[in-house]
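Chain residues, written in single-letter form:
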Amino acid sequence: MGPIMPRPALLLFGILVRLAAGAEEDPFDLFLLVRTYSPGFCKTTKCTVPPVSAFTVHSLWPFYENGGFPQHCKTVNATGPQPDSAEMRCKWKSFKGRDADFWEHEWDKSGTCAEPVLGDRPNFFRTALELDEVYDLAGALAAYNVTPSDTHSYAAKDLLNAVSDSYGAAPLLRCKDKSLVEIRMCLSLDLKPIPCPPAFKSECGATLNLLEGNPVEAACSKFFPPPGQAGKWANLVRGAGTGAVVAAA
């Protein structure tokens, strides 16, 4: 089987249309697309499943420019179906509890507030998964020779430059005990990477560790294509930093 083909252009086009016909005032200012790196996370947290050498989705958080955020919003779509698919179980994994509880928490806290932009519950999860595919972190880092290692540390600036060169804006890095735990990308409401506002700060020192974890399970490998294959989808959004419209080839 060949690499899984992402579906970003169709979904992002629908969101752009939604924004064009949206409310007079935006409900918030930006999104944070948050990916977890479980080997670093599990170094300081008691995990119930083994960490893997891959980035997985944590959430897509709505934020205000001043660093505040809405949460637990009222929504007309609160009773929508809860997605549960092989892709969700592989790419949006909880490492310290039930996946379904993790998904419900992210919808209740953040998805309900993102609803004016992203729509209902299934669309919230689908959007985050597709953005994870479009803004592939493994491919961006591999292009800078940043790969998991238990013996080598990396300059934080190399990770920042790798993502910035690939997608047009530097992310935020979050570390614990000198190990990478998360990468957070600031996105505009039309889901293009933007520089993070001054209120948002990275939480890593000048150097960090990108620890090795277990290989991705065979059943999940199709959702984690090799960096060279995943990275080609960056062409869909390569002009994001210059305000180019997202479009499929």
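As a reminder, the structure under discussion sits directly above these lines.
Cut-offs and rules
- Residues numbered from 1 in each chain as written.
- Predicted model: local features only at pLDDT ≥ 70, side-chain atom pairs only at ≥ 80, totals over all residues.
- Heavy atoms only, no water.
- Disulfide = S-S within 2.5 Å.
- Buried < 20%, exposed > 50% of the residue type's maximum accessible area, 1.4 Å probe, protein only.
- Helix = DSSP H or I, 4+ residues; strand = E, 2+ residues; numbered from the N terminus.
- Pairing = 2+ DSSP bridges.
- Polar contact = N/O pair within 3.5 Å; in protein donor to acceptor, adjacent residues only side chain to side chain.
- Salt bridge = Lys/Arg side-chain N within 4 Å of Asp/Glu carboxyl O.
- Contact = heavy atoms within 4.5 Å.
- Core = buried A, V, L, I, M, F, W, Y, C linked by side-chain atoms within 4.5 Å.

Peer 1: Quick question: what am I supposed to make of the state of the cysteines here?
Peer 2: Disulfide: a covalent bond formed between the sulfur atoms of two cysteine residues. Applying the stated criterion across every chain, the model contains five disulfides. Each sulfur in the disulfide pair C42 and C47 lies 2.0 Å from the other. Residues C42 and C47 share a disulfide whose torsion about the S-S bond is about -95°; that sign makes it left-handed. On the basis of relative accessible area, C42 is assigned to the buried category, the value being 16%.

Peer 1: I would appreciate a short explanation of the pairing of strand β1 (residues 30-37) in the present structure.
Peer 2: The two faces of a sheet get side chains in turn, since along a regular strand they alternate between them. With eight of eight residues buried, β1 lies mostly within the body of the structure. Burial along β1 is two-sided: the face carrying L30, L32, V34 and T36 and the face carrying F31, L33, R35 and Y37 are both buried. Where β1 meets strand β2 (residues 55-63), eight bridges bridge the pair, whose relative direction is antiparallel. Residue pairing in the sheet places L30 in a bridge with F63 of β2.

Peer 1: Would you take a moment to explain the side chain of T112 for this structure?
Peer 2: Tracing the backbone through its elements, the reader meets T112 in helix α4 (residues 99-118). A polar contact of 3.1 Å, which involves the side chain of T112, links it to the backbone nitrogen of C73.

Peer 1: Just to check I follow, could you spell out the pattern of salt bridges for this structure?
Peer 2: One pass over the structure, following the stated rule, counts 11 salt bridges. Here D99 makes a salt bridge to K93, at a shortest N to O gap of 3.9 Å. Residue classification places K93 among the partly exposed positions, given a relative accessible area of 23%. As a salt-bridge pair, R174 and E203 come within 3.8 Å of each other at their nearest N and O atoms. In this pair, R174 is assigned in strand β4 (residues 172-176) and E203 in the loop between β5 (179-187) and β6 (207-209), connecting sequence segments 29 residues apart. Judged by relative accessible area, which is 18%, R174 ranks as buried.

Peer 1: Just checking my understanding: could you explain the environment of E65 for this structure?
Peer 2: By the element assignment, E65 lies in the loop between β2 and α3 (86-91). Overall, the relative accessible area of 53% leaves E65 in the exposed class. Measuring from C-alpha to C-alpha, the distance between E65 and F31 comes to 9.8 Å, with 34 residues separating the pair along the chain. Non-local contacts of E65, meaning those with residues more than four positions away in its chain, are made with D29, L30, P197, A199 and F200.

Peer 1: Explanation requested: the nonpolar core in the structure shown.
Peer 2: One broad rule of soluble globular proteins: the nonpolar side chains tend to lie buried together. With 42 residues, the main nonpolar core has F31, L60, W92 and L180 as its most contacted residues. Within the residue set of this core, elements represented by two or more residues are β1, β2, α4, α5 (121-134), α6 (137-142), α7 (156-167), β4 and β5. Not counting residues within four places of it along the chain, the set of residues in contact with L60 comprises F31, L32, L33, S110, L118, F124, T127, A128, L131 and L187. Grouped together as the second largest cluster of nonpolar side chains are eight residues, L32, V34, L172 and C186 included.

Remember, this is a structural readout, not a statement about activity or role.
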